[in-house]
Amino acid sequence: MKLISKKMKWASGMVLLASMAFPANAEEASDVKKVKIGLEQAISVALSDNPSIIVAGQEIELKKSANLEALSGLLPTAELSGSYQRTLKKQTMVMDFGGQSTTIQVGTDNSYSGGLTVNLPLYAPALYRSINLTETDIELAIEKSRASRLDMINQVTKAYFQLLLTQDSYDVLLKSFAQAEANFNVINEMYRLGSVSEYDKIRADVQVRSLKPNVVSARNGINLAKLQLKVLMGLDTEIDIEVEGNLKDYEAEVNERHGVANELNLENNSDLKQLELNADMLETSLRLQKTNFLPTIGAAYSYMFTSLNNNFEITHYSWFPHSYVGLSVSVPLFRGSNFTKVKQARIRIDQLKETRTNTERLLYMQMSAYLDNMSASGEQISSNKESVQQAEKGRVIAHKRYEVGKGTILELNDSEVALTQSQLIYNQSIYDYLIAKTDLEKVLGSNDKKYENNNKK
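Quick summary incoming for the structure in this document. All values derive from a computational prediction rather than experimental measurement.

Criteria and thresholds
Residues numbered from 1 in each chain as written. Predicted model: local features only at pLDDT ≥ 70, side-chain atom pairs only at ≥ 80, totals over all residues. Heavy atoms only, no water. Axes fitted to C-alpha atoms, helices over the stretch in contact; angles between N-to-C directions. Helix = DSSP H or I, 4+ residues; strand = E, 2+ residues; numbered from the N terminus. Parallel < 35°, antiparallel > 145°, perpendicular 65-115°, else oblique. Contact = heavy atoms within 4.5 Å. Core = buried A, V, L, I, M, F, W, Y, C linked by side-chain atoms within 4.5 Å. Buried < 20%, exposed > 50% of the residue type's maximum accessible area, 1.4 Å probe, protein only. Patch = residues over 30% accessible without salt bridge, like charges linked within 9 Å, V, L, I, M, F, W, Y side chains within 5 Å. Areas by Shrake-Rupley, 256 points an atom, 1.4 Å probe, with all protein chains shown as cover. Salt bridge = Lys/Arg side-chain N within 4 Å of Asp/Glu carboxyl O. Lys, Arg positive; Asp, Glu negative; His and termini not counted. Charge placed at Lys NZ, Arg CZ, Asp CG, Glu CD. Expected span 1.5 Å × (residues − 1). Pairing = 2+ DSSP bridges.

Re the packing of helix α8 (residues 270–290) against helix α9 (residues 336–403)
Axis separation between α8 and α9 bottoms out at 9 Å; the angle between their running directions is 170°. The angle between the axes of α8 and α9 places the two elements in the roughly antiparallel class. Residue-level contacts link Asp271, Leu272, Leu275, Glu276, Asn278, Ala279, Leu282, Glu283, Leu286, Gln289 and Lys290 of α8 to Lys341, Val342, Ala345, Arg346, Arg348, Ile349, Leu352, Thr355, Arg356, Thr359, Glu360 and Leu363 of α9.

Structural data, given as structure tokens:
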């Protein structure tokens, strides 16, 4: 792992030292191994260590390299060249001198040439558009990296709240299980003394046994939620994490939903920004296709040496230099594919416009749905909180009634079940609100500003 937080490295190191120095205290070493993290810390670690974020950053560097490659086309190109030719059969010429013919061989056995050639583009419209295209491509890569960050923040936040929900649910079920065991012990003692019937004892025993699978399932849910969060954070599975707080700590955020609703706009939405950049690239691509109808102008300079000889005594060769400066102009007259490429580029632009319109409608629909979910969850939180209080009162009353012999075991069990369900529903309503808010922030593209410097290496 390249960039794990210093606190986690320190904690892991302390675990290792503790296990080496105090091998007998296995329980204490196990406790030291746990690392407490908050939501912001979990997001920060994920933005620095998650492989998908690292790959997105590398993609930006790749696009910048491609832009430099395009810019290098404006620079002159220089190359050294050399050639050697061996004549296998010389050209012969027949000369007629007053009726007498003479055969003459023209050329030499060996010919050498070598020198420097420099080319410089003076006017290359296709090259200029390509540079503009790569610059927009860099902006698109940066926006895609931002989209990856937004998605990672969304996933880590959801995983964090999921872990809180499973922990809170486990605590509720564990307390309910402990209460059911306490009730069974009391009823069993009363049955031994002959105060209650065997039916009450059986019902209490069934209540305990029916709750145990739920407790075990909730404990397994905690382990799975922790593993999911660690994977998103890019942590090793050996590191045990413990999240801070519980869902009830976030109940105050429900009152902030009106402030969020007042800031609804899509100007920071990553999907729309990517579509805008894609539209710019298509416009630049259209202009690039149109450059196929424009002339190109280039300059060239060459300085060469040649030598013609019939032997291989290279040290005695005579070399003859020559040089030139030239200007080349290429004017395209007709190429049928140029017209079809321009038409295809225009069709792609029209398609992207329709895609943007549809995407914008879908995003507004999503925002509306998230706001409705937040509003519904907010109302449920206040109602469920009152329900928990009433259920607690109901359980106290059921206990008192059972103790004085006016209540039944069914009333007692029903009061316990009602309290457990009301607490679970209360936690679920807070979780639903937080998830809807997290999804809304992702659509708005507003939840990455505080972490924007986190992945700068």
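As for the nonpolar core
By size, the foremost hydrophobic cluster in this structure holds 73 residues, and its most contacted members are Ile37, Val156, Tyr160, Phe161, Leu229 and Met233. Where this core is concerned, the elements lending two or more residues are β1 (34–37), α3 (39–49), α5 (125–192), α6 (198–233), β6 (240–243), α8, α9 and α10 (409–444). Residue contributions to this core peak at 15 residues, all from α5.

A closer look at a positive patch on the surface
A surface patch of positive charge is lined by Arg129, Arg287, Lys290 and Arg346. Counting through the fold element by element, arginine 287 comes out in helix α8.

Concerning helix α4 (residues 51–71)
Taking 1.5 Å as the rise per residue, α4 with 21 residues should run 30 Å; its terminal C-alpha atoms sit 30 Å apart, in good agreement. Within the sequence span of α4, burial applies to Ile53, Ile54, Ala56, Ile60, Asn67 and Ala70. Considering only its buried residues, α4 is in contact with α3 and α5.

Things to note about the sheet that holds strand β2 (residues 77–86)
The antiparallel open sheet is built from four strands, whose spatial order is β2-β5-β7-β8. The two strands at the open ends of the sheet, each matched to only one other strand, are β2 and β8 (320–330). Taken over all neighbouring pairs, the strand axes of this sheet differ in orientation by 20° on average, direction set aside. Taken together, the 13 bridges between strand β5 (residues 110–123) and strand β7 (residues 296–309) define a ladder with antiparallel strand orientation. Along β7, the bridge assignment pairs valine 118 with tyrosine 301.

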